[in-house]
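Results of the structural survey
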Amino acid sequence: MEIKYDSNGLVPAIIQDATTKNVLMLGYMNEDAYAKTLETKKVTFFSRSKQRLWTKGEESGNFLNLVDIKNDCDNDSLLIQVIPVGPTCHKGTDTCWGEENKSNYGFFSTLENVIKERVENQDANKSYVASLFAKGINKVAQKVGEEAVETVIEAMSNNDELFIYESADLLFHYLMLLQAKGFTLKDIEAELKGRHK
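Here's a quick rundown of the structure. (Residues numbered from 1 in each chain as written. Predicted model: local features only at pLDDT ≥ 70, side-chain atom pairs only at ≥ 80, totals over all residues. Heavy atoms only, no water.)

**Focus: unusual backbone geometry**
Positive phi values are uncommon outside glycine, yet K41 reaches one of about 65 degrees. Tracing the backbone through its elements, the reader meets K41 in the loop between α1 (31-40) and β3 (44-47). K41 gets classed as partly exposed once you look at its relative accessible area, which sits at 47%. (Helix = DSSP H or I, 4+ residues; strand = E, 2+ residues; numbered from the N terminus. Buried < 20%, exposed > 50% of the residue type's maximum accessible area, 1.4 Å probe, protein only.)

Okay, here's the thing in structure tokens:
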């Protein structure tokens, strides 16, 4: 891999969780740090303050296990995908920006949070979600069944608009059922990953 090091012999290395795709930190590498990372499969940086190599986790045990290294289009920065062991930041947070390193499924994660919030607030008079949860898990499960049947019926028709509408209803109610059972999309992802060969 061609790497263009700067005048100090360094290249910025963006560290990304290989699973969640969250950016964990930014460090710098010189040629020796890059070579040691490849050799040990544990991300090693060049410390500008200590003027030496340091392997992330050498003191804390919070290693960054190497998955992949990519160079950018100008060959002057690296994207390093890792599996982190513990928090990445020296302050004890998952990322150096104080963010939690959790999976994000885009708008589906937003929906999960909305459902959770409405269930916790328990205002059944103002919230459809809270009112359905108040009726118990059997009613939530029954609603998923109803939406599944409606989705299948629309799948066999020629009305794509209604098929998408019913599919959205099914997915929304399924997210509710997952939470009613104490699970999230992350649990489903883990199950599917376990089946993937």
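We are not done yet, so read on.
**Side note on the state of the cysteines**
For the structure on display, the rule yields 0 disulfides. Free cysteine C89: the closest other cysteine sulfur is in C96, separated by 4.0 Å. (Disulfide = S-S within 2.5 Å.)

**With respect to the pattern of salt bridges**
Inspection of every chain in the model, using the stated rule, returns 6 salt bridges. The shortest N-O distance in the salt bridge between E146 and K143 comes to 3.7 Å. Of the two residues, E146 and K143 both sit in helix α4 (residues 137-155), 3 residues apart, roughly one turn of that helix. Taking the relative accessible area as the measure of exposure, K143 reaches 21% and is therefore partly exposed. A salt bridge links K143 to E147; the shortest N-O distance between them is 3.4 Å. Residue K143 and its partner E147 are located together in helix α4, separated by 4 residues, close to a single helical turn. In this structure E147 comes out as buried when scored by relative accessible area, which is 3%. (Salt bridge = Lys/Arg side-chain N within 4 Å of Asp/Glu carboxyl O.)

**Let's talk about the packing of aromatic side chains**
Counted by the stated rule, this structure contains 1 aromatic pair. Note on F45 and W54: the rings are 5.2 Å apart at their centroids and 35 degrees apart in plane angle, and the pair reads as tilted. Residue W54 is classed as partly exposed on the basis of its relative accessible area of 24%. A cation over a ring is seen here: K42 above F63, with NZ or CZ 4.9 Å from the ring centre. (Phe/Tyr/Trp six-rings, centres within 6.5 Å; stacked < 30°, edge-to-face > 60°. Lys NZ or Arg CZ within 6 Å of the ring centre and 35° of its normal.)

**Some words on the packing of helix α2 (residues 107-121) against helix α5 (residues 160-180)**
At a minimum axis separation of 10 Å, α2 and α5 run at an interaxial angle of 55 degrees. Comparing their axes, α5 and α2 come out oblique. Here α2 and α5 pass one another in a crossing that is right-handed. For the pair formed by α2 and α5, the contact residues are F108, L111, E112, I115 and K116 on the first element and L171, F172, L175, M176 and Q179 on the second. Considered class by class, the residues forming the contact of α2 with α5 number 7 nonpolar, 1 polar and 2 charged. (Axes fitted to C-alpha atoms, helices over the stretch in contact; angles between N-to-C directions. Parallel < 35°, antiparallel > 145°, perpendicular 65-115°, else oblique. Left-handed = near helix turned anticlockwise from the far one by under 90°. Contact = heavy atoms within 4.5 Å. Nonpolar A, V, L, I, M, F, W, Y, C, P; charged D, E, K, R; others polar.)

**Looking at the sheet that holds strand β1 (residues 11-17)**
If you trace the 4 strands from one edge of the open sheet to the other, you get β2-β1-β6-β5, paired in mixed fashion. Each edge of the sheet is formed by a strand with only one pairing partner; in this case those strands are β2 (23-29) and β5 (64-71). Looking at each pair of strands side by side, their axes are set apart by 30 degrees on average, direction ignored. Where β1 meets strand β6 (residues 78-84), 5 bridges bridge the pair, whose relative direction is parallel. Looking across to β6, one finds that Q16 is bridged to Q81. Contacts from α1 reach β2, β5 and β6 within the one sheet, and its direction differs from that of β5 by about 120 degrees. (Pairing = 2+ DSSP bridges.)

**Some thoughts on α5**
Owing to its 3.6 residues per turn, the α-helix aligns residues three or four sequence positions apart on the same side. With 21 residues, α5 extends 30 Å from end C-alpha to end C-alpha; this agrees with the ideal 30 Å at 1.5 Å per step. Listed in full, the buried residues belonging to α5 are E166, H173, L175, M176, L177, L178 and Q179. In this structure, the buried side of α5 is in contact with α2, α3 (128-134), α4 and α6 (185-195). The N-cap of α5, judged by a side-chain oxygen 3.2 Å from the amide nitrogen of E161 a few residues on, is N159. G182 lies just past α5 and shows a positive phi near 85 degrees. (Expected span 1.5 Å × (residues − 1). Polar contact = N/O pair within 3.5 Å; in protein donor to acceptor, adjacent residues only side chain to side chain.)

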